[in-house]
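Each chain is listed here by its residues.
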Amino acid sequence: KTSIPIPRIIEEGEIEGFYYLITTQFGGEPMTRKEWLLLEKREQIVLLTQLAAGLKELHSHDSRDFDFDWREFLQIQVESAIDKQKAEGGNPEWLMSMPAYFEKYLHLIPDRTADAFQHGDVHFGNLRFEQKRGTWRVCGLFDFADSIKGFHEYEFIAVGVLMIQGQGELQREFFRAYGYKDDEIDETLRHRMMMLTMLY
């Protein structure tokens, strides 16, 4: 029920101790970060605009039957964030600054009223693209294995970190396409995004 096609489940079951899932297959083709950077900015904005609109539709669906505890998930992510950064070889100065940053900005992340259904891992590897009449379009979003229910902005982290990667103008266009007003794309949003990235 989104303008971005998602797989339709044909059959599911178990055979010889293995679970299987048969879905419809997409046309189109994958896109790499290198190929993305070769696109004109206008083409990148078209794709991000379509992606933002499709994700907003996905987030709008009734998620009451989806069993996921965002509050518990958030607590687990907060408690493990610093240890994960240490395990990844985080800069000592950065690690020392994290507790103060959490104390100052964690309250920006809602923990009770967040119930948007999310794909949870939107990046080039889980999307398919096609070019029609000289215009690139997203023609498929798949792999819902990491789906969650929670604060909708958590969905933006993979898009920002794995696709946009610091291209500020494109990030702003993505937010606009989702429905954010220019005065909402501010320092508070920046800190929420940073906070969510640390929890991702």
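Scoring rules and cut-offs
Residues numbered from 1 in each chain as written. Predicted model: local features only at pLDDT ≥ 70, side-chain atom pairs only at ≥ 80, totals over all residues. Heavy atoms only, no water. 1 Å grid on protein atoms, 1.4 Å probe; cavity = no way out; pocket = protein on both sides within 12 Å on 5 of 7 lines; lining within 4 Å. Points joined across faces, edges and corners; volume = space filled by probe spheres on them. Helix = DSSP H or I, 4+ residues; strand = E, 2+ residues; numbered from the N terminus. Nonpolar A, V, L, I, M, F, W, Y, C, P; charged D, E, K, R; others polar. Axes fitted to C-alpha atoms, helices over the stretch in contact; angles between N-to-C directions. Parallel < 35°, antiparallel > 145°, perpendicular 65-115°, else oblique. Contact = heavy atoms within 4.5 Å. Core = buried A, V, L, I, M, F, W, Y, C linked by side-chain atoms within 4.5 Å. Buried < 20%, exposed > 50% of the residue type's maximum accessible area, 1.4 Å probe, protein only. Pairing = 2+ DSSP bridges. Phe/Tyr/Trp six-rings, centres within 6.5 Å; stacked < 30°, edge-to-face > 60°. Lys NZ or Arg CZ within 6 Å of the ring centre and 35° of its normal.

## Side note on the layout of surface pockets
Part 1: For the largest pocket, the calculated volume is near 400 Å³.
Part 2: Lining the largest pocket are 17 residues; nearest its centre among them are Gln 171, Phe 175, Leu 189, Arg 190 and Met 193.
Part 3: Listed by contribution, the elements that provide at least two residues to the lining of the largest pocket are helix H5 (155-164), helix H6 (168-178) and helix H7 (187-199).
Part 4: For the lining of the largest pocket, the leading source of residues is H7, giving 5 residues.
Part 5: Its volume calculated, the second largest pocket comes out at about 290 Å³.
Part 6: For the lining of the second largest pocket, the residue count by class is 8 nonpolar, 4 polar and 2 charged.

## Side note on the packing of H5 against H7
Part 1: Running from amino to carboxyl end, H5 crosses H7 at an angle of 90°, the nearest separation of the two axes being 9 Å. In this view, H5 runs roughly perpendicular relative to H7, as classed from their interaxial angle. Of the residues in H7, those touching H5 at Phe 156, Ile 157 and Val 161 are Met 193, Leu 196 and Thr 197.
Part 2: A breakdown of the residues in the contact of H5 with H7 according to their chemical character gives 5 nonpolar, 1 polar and no charged.

## Re the nonpolar core
Part 1: Leu 51, Trp 70, Val 159 and Phe 174 are the most contacted members of the largest nonpolar core, which totals 48 residues.
Part 2: Secondary structure elements with two or more residues in this core: helix H2 (41-59), helix H3 (70-87), helix H4 (92-105), strand E4 (127-132), strand E5 (135-141), H5, H6 and H7.
Part 3: If near-sequence neighbours (up to four positions away) are discounted, Val 159 is found in contact with Leu 48, Leu 51, Leu 55, Val 122, Ile 164 and Phe 174.

## Here we look at the pairing of strand E1 (residues 9-15)
Part 1: Both E1 and strand E2 (residues 18-23) contribute to a ladder of 6 bridges, which runs antiparallel. Following the sheet pairing, Glu 12 is matched in E2 by Leu 21.
Part 2: What sits between the antiparallel neighbours E1 and E2 is a turn of 2 residues, in which Glu 16 has the positive phi angle 50°.

## Things to note about the packing of aromatic side chains
Part 1: A full pass over the atoms with the stated rule returns 18 aromatic pairs.
Part 2: Ring plane angle 65° and centroid distance 6.1 Å describe the contact between Phe 174 and Phe 175, whose orientation is recorded as edge-to-face. Both residues of the pair, Phe 174 and Phe 175, belong to the buried class.
Part 3: Relative to Tyr 180, the ring of Tyr 178 has its centre 5.9 Å away and its plane inclined at 45°; by these criteria the two rings are tilted.
Part 4: Classification of Tyr 180 by relative accessible area gives buried; the value is 12%.
Part 5: Three or more aromatic residues joined by ring pairs make a cluster, and in this case those are Phe 68, Trp 70, Phe 73, Tyr 154 and Tyr 200.
Part 6: For the cation-ring pair, Lys 56 lies above Tyr 178, with the distance from its terminal atom to the ring centre recorded as 5.6 Å.

Structural measurements only, silent on function.
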